[in-house]
Amino acid sequence: MVATTRIPGTDLQPTRIGLGTWAIGGWMWGGTDEGQSVRTVQSAVDRGISLVDTAPVYGMGTSERFVGEALRERRRREQVVLATKCGLNWSGTQPYRDARPERIRQEIDDSLQRLQTDVIDIEQVHWPDPNVPVEETAGALKDALQAGKIRAIGVSNFSPEQLDRFRKEAPLSVVQPPYNLFERGIENDVLPYVREQGLTTLTYGALCRGLLSGKMTADQTFEGDDLRNADPKFQAARFPQYVEAVNKLDAFAQERFGKRAIHLALAWVLAQPGVGVALWGARRPDQLDALADVDDITLTQDDLSEIDRIVADTVTDPVGPEFMAPPARDEKAA
Ligand code: NAP
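Criteria and cut-off values
- Residues numbered from 1 in each chain as written.
- Predicted model: local features only at pLDDT ≥ 70, side-chain atom pairs only at ≥ 80, totals over all residues.
- Heavy atoms only, no water.
- Helix = DSSP H or I, 4+ residues; strand = E, 2+ residues; numbered from the N terminus.
- Expected span 1.5 Å × (residues − 1).
- Contact = heavy atoms within 4.5 Å.
- Near = heavy atom within 4 Å.
- Axes fitted to C-alpha atoms, helices over the stretch in contact; angles between N-to-C directions.
- Parallel < 35°, antiparallel > 145°, perpendicular 65-115°, else oblique.
- Left-handed = near helix turned anticlockwise from the far one by under 90°.
- Nonpolar A, V, L, I, M, F, W, Y, C, P; charged D, E, K, R; others polar.

Draft legend 1. Representation of helix 8 (residues 238–257) in the model. For helix 8, with 20 residues, the first-to-last C-alpha span of 28 Å sits near the 28 Å given by 1.5 Å per residue. Residues of helix 8 that are buried in the fold lie against helix 9 (261–271) and helix 10 (301–314). A positive phi of about 70° marks glycine 258, the residue just after helix 8.

Written out as structure tokens, the structure reads:
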């Protein structure tokens, strides 16, 4: 079974692999299916995954509702660390940053209802809001902590400078940045910071939006509003490079460990100093089958160097996950 990690300042001790539930919200993932989504969450918990990450904006409430439904039966809620977010608002399906204290208070109450729970284990600010002093947002979360509505505070997509400011106002336990074999920007700033400060990371996108599952081919297409239609990694010149890199990583994983690219991608994230929990997004139960074969891969320094070489030699025009950043309130389209 996957190892666990302790969230500082709390009794929470989740598994080092957590279930990500953005895709089951449907929005930006080409739609969803309720029964399949509920079964996916239940299957994750039944396989021993004890952290579930969601957010109000994932399907404008849909993901949280499905998670709440899934955890209601067979006391699954008691078996998981339930993490959600706040600080985004939306107009139709257009999200925008809104971390005003009144919005935070409203979102926490709405999330408690949709998740059918009395308390949220980890409440995270989804994106920093340039229009609201970070101290005001932090104050609203501190109040929720003192009121017993949440058990721990986290923030996502924050820089070390923003983390410093936030922590002057409220106790921070969790940081949620993007991180995977192809998206390693946080190695220069956030990872050294959390290691030094003893914070726990829930890193997101372990499979780089499915790319590192090893199941994609260069002629793959995506349906409807799927974010991969706008993701620069999945366009013309770059996509074949990324697919080729995954194929080479897959060959390396088979030869070296008798495993596949998906196992290697998850084990690689977990092996990086400063990573607490790797979030793995899934929308069907069978997508979690690889879980059983992740934790017996131990990567040596030589393995890590070989992986770096494969990626650097194959992806000659890398690009990060910045395209995902939502606009501020005063930048959104009318
Ligand atoms: P991910 O884990 O890199 O990729 C998830 C997608 O990969 C799935 O939806 C599925 O998509 C595909 N996949 C998963 N397992 C697979 C398998 N065994 N075989 C083939 N395909 C497979 O990306 P993510 O969902 O973007 O990130 C994980 C979680 O992190 C999210 O769900 C969310 O909780 C969190 N997150 C947070 C932020 C933030 O700003 N804080 C941003 C992004 C994500 P298909 O079936 O459609 O191919």
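Draft legend 2. The site of the ligand, seen in detail. Inspection of the region around the ligand gives 29 residues, with Asp53, Ser156, Arg228, Gly281 and Arg283 positioned closest. With three residues, the top contributor of residues to the shell around the ligand is strand 10 (residues 277–281).

Draft legend 3. Main features of the packing of helix 1 (residues 34–46) against helix 2 (residues 62–72). Contact geometry of helix 1 with helix 2 gives a least axis separation of 9 Å together with a crossing angle of 55°. The angle between the axes of helix 1 and helix 2 places the two elements in the oblique class. Crossing hand, helix 1 versus helix 2: right-handed. Along its contact with helix 1, which presents Glu34, Ser37, Val38, Val41, Gln42 and Val45, the element helix 2 presents Phe66, Val67, Glu69, Ala70 and Leu71. Broken down by class, the residue content of the contact of helix 1 with helix 2 amounts to seven nonpolar, two polar and two charged.

Draft legend 4. Fine view of the environment of phenylalanine 257. One can find phenylalanine 257 in helix 8. Remark: the alpha-carbon pair of phenylalanine 257 and aspartate 296, spanning 39 residues in sequence, is separated by 9.1 Å. Ignoring anything within four residues of it in the chain, the contact list for phenylalanine 257 reads Phe252, Leu264, Ile297, Thr298, Leu299 and Asp303.

Read these as spatial facts, not as claims about activity.
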